[in-house]
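The lines below spell out each chain.
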Amino acid sequence: MLRKMLPLLIGAAAGGLIAFAALRIIGKNDVGQASAEAANTLAFGGWNPVVMILALALVAMIAILIHELGHIFGAFAVRSRVTRLYWGPFSFLFPERKVRFSWKNRYFFGAMQADIQPYHDEASFAKAIKAQRIVNAAGPAFSLITGLIAYGFAAQLWSMTGMYALLSIGIGLATLFSDGVNAILLGRRNHALVSGWTMLIQNRQLDTDKLRMLSEASGRYLQDLANSDRPAKGRDVYDLFVLYYVKLMDKQISREAAAMQLTQEVQNEWMQAAKPQSIPKLRRDTLIMILVEETVRLCEDGKREEAEELYRKINDDASKSSSLLLKASAYVEKKEPVAKAYMQHIRSMQSDLASYGALVQFEERRILKL
């Protein structure tokens, strides 16, 4: 819970500093004049401190709701379908027309989900990604705009309206580093492709039109990547993610020259690392996932000795047993309990926001062939 609250607290602190500086510059309030007691009397009518804290908590939750509504309004503006809204103990499941109430809500501090727009070719994919960028950016923008408007109407910073302004601006500033950055990064080809792949496998059903388009687009991207002069160790981690998704989801393109060349680069990076554990975790896990898919490919191509050797190398270099290796273990050992453990691992990732039904469906068909 602290991890979820930290961006809000940091953003609120930043918003407070900015508001404080603005007040001192424009002279709207002399925040140094009033004591804490006088400020409490002015803002809350001298309420009991417990009541005051509860009131501030309510204002914070309203600020969070306004932020999520900003994302929703952004989705409406680009005609994307909103499927989920989480706020406090409430979960709104729109397609199912259900509302759930639980104080153990995993997304207590706010979340929403909007489906990416349908696409089947480059033009429609570019349009869908543009719409997704607008949805991502709308939340921080709405928080900042409503916070600034509230600040303009606030008689005092420590009034209820002023506190809303402080919290809303704080949330807007904090989420610029998450939602805002994501909106910017989606303008990069590798981030857009990875986003498309991620949302594809998280769906309930596998969309074959999207699968075909992403496979073809990723194949072209990997070809350009293989022909570039960038050193292998300089590959962006999102380039590696594109390679991983191709190896996971497309048997044909994963066997083409570009994918094979990039996979060999990954093997070289892993083998040449003095201590693989010294590689940053995100990159290390991505390398492992690619090498696991390469182990699977070798098994499917009847090259079991090479597959077993690669699997041993990955397994020996891992500091501890990793769930990332379950799939490779299932193919190398051909043991039903291991295959079941791998499928159970995938199902354990399922949630309201990501059912992973498409990935479960895809992987079950492959596992049955063992």
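Since this is a predicted model, take the numbers as computed values, not measurements.

What counts, and at which threshold
- Residues numbered from 1 in each chain as written.
- Predicted model: local features only at pLDDT ≥ 70, side-chain atom pairs only at ≥ 80, totals over all residues.
- Heavy atoms only, no water.
- Helix = DSSP H or I, 4+ residues; strand = E, 2+ residues; numbered from the N terminus.
- Buried < 20%, exposed > 50% of the residue type's maximum accessible area, 1.4 Å probe, protein only.
- Contact = heavy atoms within 4.5 Å.
- Areas by Shrake-Rupley, 256 points an atom, 1.4 Å probe, with all protein chains shown as cover.
- Pairing = 2+ DSSP bridges.
- Axes fitted to C-alpha atoms, helices over the stretch in contact; angles between N-to-C directions.
- Phe/Tyr/Trp six-rings, centres within 6.5 Å; stacked < 30°, edge-to-face > 60°.
- Salt bridge = Lys/Arg side-chain N within 4 Å of Asp/Glu carboxyl O.
- Patch = residues over 30% accessible without salt bridge, like charges linked within 9 Å, V, L, I, M, F, W, Y side chains within 5 Å.
- Core = buried A, V, L, I, M, F, W, Y, C linked by side-chain atoms within 4.5 Å.
- pLDDT = per-residue confidence, 0-100.

**Focus on the overall build of the protein chain**
Part 1 of the argument: Helix and strand counts for the protein chain stand at 14 helices and 4 strands.
Part 2 of the argument: Looking at the protein chain as a whole, 50% of its 370 residues qualify as buried.
Part 3 of the argument: Long-range pairs, those at least 24 residues apart, make up 65% of the contacts in the protein chain between residues at least 6 apart in sequence.
Part 4 of the argument: Total accessible area on the protein chain stands at roughly 19400 Å², and carbon and sulfur atoms take up 60% of it.

**Description of the sheet that holds strand β2 (residues 90-93)**
Within a sheet, each strand pairs with its neighbour through backbone hydrogen bonds, oriented either parallel or antiparallel.
Part 1 of the argument: As summarised here, the arrangement of the 4 strands in space is β3-β2-β1-β4, forming an open sheet in which the pairing is antiparallel. Looking at the sheet topology across the chains shown, the edges are occupied by β3 (98-101) and β4 (111-114). On average, each strand axis in the sheet is tilted by 10 degrees relative to the strand beside it, whichever way the strands run.
Part 2 of the argument: For strand β1 (residues 82-87) and β2, the ladder comprises 4 bridges, and the chain directions are antiparallel. Directly across from Arg-84, in β2, lies its bridge partner Leu-93.

**Structural notes on the pairing of β1**
Part 1 of the argument: Within β1, 6 of the 6 residues are buried, which leaves it mostly tucked inside the rest of the structure.
Part 2 of the argument: Here β1 runs beside β4; their pairing, made up of 4 bridges, is antiparallel. Each residue of the ladder has a partner; that of Val-82, found in β4, is Ala-114.
Part 3 of the argument: Turn length for the β1-β2 hairpin, with the two strands adjacent in sequence and antiparallel, is 2 residues, and the turn residue Gly-88 shows positive phi of about 60 degrees.

**Considerations on the packing of aromatic side chains**
Part 1 of the argument: Across all of its chains, the model carries 13 aromatic pairs by this definition.
Part 2 of the argument: Each ring, one from Trp-103 and one from Phe-108, has its centre 6.2 Å from the other, and the planes form 35 degrees; the classification is tilted.
Part 3 of the argument: You can call Trp-103 exposed: its relative accessible area is 61%.
Part 4 of the argument: Ring pairing ties together the aromatic residues Trp-87, Phe-90, Phe-92, Phe-94, Phe-101, Trp-103, Phe-108 and Phe-109, which thus form one cluster.

**Considering the pattern of salt bridges**
Part 1 of the argument: Applying the stated criterion to the full structure yields 23 salt bridges.
Part 2 of the argument: Here Asp-301 ties to Arg-255 by a salt bridge, and the two come within 3.0 Å at their closest N and O atoms. Taken together, the residues Asp-301 in the loop between α10 (281-300) and α11 (304-317) and Arg-255 in the loop between α8 (237-249) and α9 (257-272) connect sequence positions 46 residues apart.
Part 3 of the argument: For Asp-301, a relative accessible area of 33% corresponds to the partly exposed category.
Part 4 of the argument: Residues Glu-269 and Arg-283 are paired through a salt bridge, measuring 2.8 Å at the closest nitrogen-oxygen approach. Highlighted residues: Glu-269 in helix α9 and Arg-283 in helix α10, separated in sequence by 14 residues.
Part 5 of the argument: Here the salt bridges share partners, and the residues they tie into one network are Lys-247, Arg-255, Glu-293, Glu-294, Arg-297, Glu-300, Asp-301, Lys-327, Glu-363 and Arg-366.

**Some remarks on a nonpolar patch on the surface**
Part 1 of the argument: Residues Ile-145, Ile-149 and Phe-153 make up a contiguous nonpolar surface patch of about 360 Å² in total accessible area.
Part 2 of the argument: One can find Phe-153 in helix α4 (residues 122-153).

**Side note on the environment of Met-271**
Part 1 of the argument: With respect to the helices and strands, Met-271 occurs in helix α9.
Part 2 of the argument: Note: C-alpha distance between Met-271 and Ile-314 (43 residues apart in sequence) is 9.0 Å.

**What to know about the side chain of His-191**
Part 1 of the argument: With respect to the secondary-structure elements, His-191 resides in helix α6 (residues 189-202).
Part 2 of the argument: For His-191, a relative accessible area of 10% gives the class buried.
Part 3 of the argument: Setting aside chain neighbours within four positions, we find His-191 in contact with Leu-185, Leu-186 and Tyr-238.

**Some remarks on the side chain of Ser-218**
Part 1 of the argument: Within the fold, Ser-218 resides in helix α7 (residues 208-227).
Part 2 of the argument: For Ser-218, a relative accessible area of 0% puts it in the buried group.
Part 3 of the argument: In this view, Ser-218 contacts Leu-193, Trp-197, Val-242 and Val-246; residues no more than four positions away in its chain are not counted.

**Side note on the nonpolar core**
Part 1 of the argument: Ranked by internal contacts, the top residues of the largest apolar core, which has 70 residues, are Phe-125, Leu-214, Leu-222 and Met-249.
Part 2 of the argument: Here this core takes 10 residues from α8, the largest share from any one element.
Part 3 of the argument: With residues near it in sequence (within four places) discarded, Phe-125 still touches Tyr-119, Arg-189, Ala-192, Leu-193, Gly-196, Met-213 and Leu-214.
Part 4 of the argument: Val-59, Met-61, Ala-63 and Phe-108 belong to the second largest nonpolar core, which has 14 residues in total.

**So, the confidence of the model for the protein chain**
Part 1 of the argument: Looking at the protein chain, pLDDT values average 86 and 84% of them are 70 or higher.
Part 2 of the argument: Contacts from residues 26-36, a stretch scored under 50 in pLDDT, to residues over four places away or in other chains number 14 contacts.

**Quick notes on unusual backbone geometry**
Part 1 of the argument: One non-glycine residue, Arg-97, lies in positive phi territory at about 55 degrees.
Part 2 of the argument: Structurally, Arg-97 can be placed in the loop between β2 and β3.
Part 3 of the argument: For Arg-97, a relative accessible area of 81% translates into the label exposed.
Part 4 of the argument: Unusually for a residue other than glycine, Lys-334 sits at a positive phi of about 55 degrees.

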